[in-house]
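Residue-level listing of the chains:
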Amino acid sequence: SLQIPIIDFSLLAKGDEHETRKLDLACKEWGFFQIRNHGVQVKILQKMKAAMAAFFELPLMEKKKYAMGANDLEGYGQAYVVSEEQKLDWCDLVALKTLPLEQRNLNFWPLNLPGFKEAVEDYSIEVQKVAEEINANLSILMGMERDGLKRYQGELKQLMRMNYYPPCSSPDLVVGVSPHSDGGSLTVLLQDDDVIGLQIKHKGEWIPVKPIPNALVVNIGDAIEIMSNGVYKSIEHRAITNEKKARISAAAFAHVDDELEIGPLDSMVDDPHRPPMYKKIKYIDYIRQVLARKMDGKAHTDLVKIQT
Ligand code: OGA
Ligand code: NI
């Protein structure tokens, strides 16, 4: 069956031309790909998975000590909201600001859970290196130097969203996470090796992302779609629940500073052949608008699309 592209990260990091072209095509045609040979030690992946499992196994009362406030992006919460298809979202989550280290709010972290802080910290640092190397490659593909995106975006921040999807006997009534695109620059997802849940919209069809043991799933977020002037796609995706098995995932969202104005990069604009397709907007203003709307079959980036 149809699968998202698989990229060998070690070749990418060496500047291999064939692999770089594969990355370009993956971002244009799929907005999603899996990476293998990403250099993050299996031990670090396993510790991260174990830390998440241990957190979600805590009694509800214990987890509620880290509860998300009404306007917080951080903390423990549920996503039991009614989606457009009148299905219920069925997911427990904890979101933490992981990078830069000084922006952590440790009051949201379960510090008395042995190994949790160390596991999340180690994983978040490793996964950020992966995101930065991909950004360096995208910079070159977008006609800049390797540090082009870094100079434009600044040091990327990271929000780690850990998801727990309980098993559900009527998966046709319940969706794990309803369709959405990610607002940030790049998302790197660590998922279970043996439970399928993530699906992406490709040419009008929902395509399941089949786990490859110890690989990571990467997707382009809205901010990179905007910066690339629409060349790279931030794709709608969702997670479905499994009848028998729980599923855990960690989405590391690499994103720019709230105050940064994002818009199409100069190197991606060529008036009049390829005029700017998106308005410039402060990142936080964009995110506020995204959080206030539902996907409704239309891309979030339509919010800033210049009508022609
Ligand atoms: C997300 C997301 C998918 C998954 O957290 O933004 O899309 O498989 N998660 O958990
Ligand atoms: Ni997502």
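Here, the structure is the one placed above.
None of the values given here were measured: they were computed from a predicted structure. The numbers attached to residues start from 1 for each chain and follow its sequence in the written order. Going through the entries in the order they are written, you letter the chains from A and number the ligands from 1. Only residues with pLDDT of at least 70 get local features here, since the model is predicted, and only at 80 or more are side-chain atom pairs given and counted; chain-wide, interface and lining totals rely on the full set of residues. Only hydrogens and water are removed before side-chain values are computed, so all heavy atoms of the structure are retained for them.

*Asks:* Pulling in residues and values, what's your account of the site of ligand 1?
*Replies:* Near ligand 1, the surroundings consist of Arg161, Asn163, Tyr165, His180, Asp182, Leu189, Leu198, His237, Arg247, Ser249, Ala251 and Phe253. At a separation of 2.8 Å, an oxygen atom of ligand 1 approaches a polar side-chain atom of Arg247. About the coverage of ligand 1: the protein hides 97% of its 290 Å² of free accessible area. Secondary structure elements are defined from DSSP: runs of H or I of at least 4 residues count as helices, runs of E of at least 2 residues count as strands, and each element is numbered from the N terminus. Breaking the shell around ligand 1 down by element, the ones donating at least two residues are β6 (157-165) and β13 (247-255). In terms of residues, the shell around ligand 1 owes the most to one element, β13, which gives four residues. Looking at the shell around ligand 1 residue by residue, the classes come out as five nonpolar, four polar and three charged. Nearness is judged by heavy atoms alone; a residue qualifies as near a molecule or strand once a single heavy atom is within 4 Å of it. Whenever a nitrogen or oxygen atom comes within 3.5 Å of another N or O atom, the pair is scored as a polar contact, on the condition that within protein one atom can donate a hydrogen and the other can accept it, and that pairs from neighbouring residues in sequence are kept only if both atoms are in side chains. Exposure was quantified through the Shrake-Rupley algorithm and a 1.4 Å probe, taking into account, for residues, occlusion by the shown protein chains and nothing else. When residue character is reported, Ala, Val, Leu, Ile, Met, Phe, Trp, Tyr, Cys and Pro are called nonpolar, Asp, Glu, Lys and Arg charged, and the others, Gly included, polar.

*Asks:* Lay out the environment of Met142 in plain terms, naming residues and giving numbers.
*Replies:* For Met142, the position within the fold is in the loop between α5 (116-141) and α6 (148-153). Whether a residue is buried, partly exposed or exposed follows from its accessible area with a 1.4 Å probe, protein chains only, as a fraction of its type maximum: under 20%, in between, or over 50%, in that order. For Met142, a relative accessible area of 1% gives the class buried. Along the backbone, Met142 and Asp266 are 124 residues apart, and their C-alpha atoms lie at a distance of 9.7 Å. The contact rule is simple, with two residues in contact once any of their heavy atoms fall within 4.5 Å. When sequence neighbours within four positions are dropped, the list of residues in contact with Met142 reads Leu149, Ser228, Tyr232, Leu265, Ser267 and Met268.

*Asks:* Hey, could you go over the nonpolar core for me, with residue numbers and the actual values?
*Replies:* We call a set of buried Ala, Val, Leu, Ile, Met, Phe, Trp, Tyr and Cys residues a nonpolar core when their side-chain atoms join them within 4.5 Å. Grouped together as the largest cluster of nonpolar side chains are 65 residues, with contacts concentrated most on Leu138 and Met162. Among the elements that take part in this core, α5 stands out by supplying nine residues, more than any other. Apart from residues no more than four positions distant in its own chain, Leu138 is found in contact with Leu23, Cys27, Leu149, Leu186, Ile220 and Tyr232. Listed in part, the 13 residues of the second largest apolar core include Ile4, Leu159, Val217 and Phe253.

*Asks:* A description of the side chain of Thr98 should follow, citing residues and the corresponding values.
*Replies:* Tracing the chain through its elements places Thr98 in strand β5 (residues 92-99). With residues near it in sequence (within four places) discarded, Thr98 still touches Arg104, Trp109, Val120, Ser124, Gln158, Leu159 and Met160.

*Asks:* Help me get a handle on the pairing of strand β11 (residues 216-220), residues and values and all.
*Replies:* Counted residue by residue, β11 has five buried out of five residues, so it is predominantly covered. Burial of the side chains of β11 extends over both faces: Leu216, Val218 and Ile220 are buried on one face and Val217 and Asn219 on the other. Any two strands with at least two DSSP-identified bridges between them are counted as paired. Relative to β11, strand β2 (residues 32-36) is paired through four bridges, and the arrangement is antiparallel. Within the sheet, the bridge partner assigned to Phe32 lies in β11 and is Asn219.

*Asks:* I'd like to hear about the packing of aromatic side chains, residue by residue, with values.
*Replies:* Geometry of an aromatic ring pair is reported as the spacing of the ring centres plus the angle between the planes. Pairing of aromatic rings covers Phe, Tyr and Trp, the last through its six-membered ring, and needs centres within 6.5 Å; plane angles under 30 degrees mean stacked, over 60 mean edge-to-face, and all others mean tilted. Applying the stated criterion across every chain yields a total of six aromatic pairs. With a centroid separation of 6.3 Å and an interplanar angle of 55°, the aromatic rings of Phe55 and Tyr66 are classed as tilted. Placement of Phe55 in helix α3 (residues 42-57) and of Tyr66 in the loop between α4 (60-63) and β3 (75-78) is noted, with a sequence separation of eleven residues between them. Its relative accessible area of 7% is what places Tyr66 among the buried residues.

*Asks:* Break down the packing of α3 against α5 for me, with residues and values.
*Replies:* Interaxial distance between α3 and α5 falls to 9 Å at its minimum, and their mutual angle equals 135°. The orientation of α3 with respect to α5, classified from their angle, is oblique. In the packing of α3 onto α5, the handedness of the crossing is left-handed. Judged by residue contacts, Ile44, Leu45, Lys47, Met48, Ala51 and Phe55 of α3 engage Phe116, Ala119, Val120, Asp122, Tyr123 and Glu126 from α5. Counted by class, the contact of α3 with α5 contains nine nonpolar, no polar and three charged residues. All axes here are fitted lines through C-alpha atoms, helices being fitted over the stretch that makes contact, and every angle between N-to-C directions spans 0 to 180 degrees. Note that the term roughly parallel is reserved for angles under 35 degrees, roughly antiparallel for angles over 145, roughly perpendicular for angles of 65 to 115, and oblique for everything else. In this scheme the handedness of a crossing depends on how the near helix is turned from the far one: anticlockwise by less than a right angle means left-handed, clockwise means right-handed.

*Asks:* Please set out the pairing of β13 residue by residue, giving values where relevant.
*Replies:* Within β13, nine of the nine residues are buried, which leaves it mostly tucked inside the rest of the structure. In this sheet, β13 lies alongside β6 in antiparallel orientation, the contact comprising nine bridges. Bridged to Met160 within β13 is Ala252. In this structure, strand β8 (residues 186-191) lies alongside β13, joined through six bridges in antiparallel fashion. Looking across to β13, one finds that Val188 is bridged to Ala252.

*Asks:* Got a sec to walk through the packing of helix α2 (residues 17-29) against α5? Specific residues and values, please.
*Replies:* One way to put it is that α2 packs onto α5 with a least axis distance of 10 Å and a crossing angle of 85°. One way to sum up the angle between α2 and α5 is to call them roughly perpendicular. Along the contact surface, α2 presents Thr20, Leu23, Asp24 and Cys27, while α5 presents Asn137, Leu138 and Leu141. For the contact of α2 with α5, the class distribution of residues is four nonpolar, two polar and one charged.

*Asks:* Account for the pattern of salt bridges, with residues named and values stated.
*Replies:* Salt bridge criterion: a side-chain nitrogen from Lys or Arg within 4 Å of a carboxyl oxygen from Asp or Glu. Under the counting rule described, the total for this entry stands at 16 salt bridges. Taking the shortest distance from any N to any O, the salt bridge between Glu17 and Arg21 comes out at 3.8 Å. In this pair, Glu17 and Arg21 are both assigned in helix α2, four residues apart and thus about one turn of the helix distant. Since its relative accessible area comes to 62%, Glu17 is described here as exposed.

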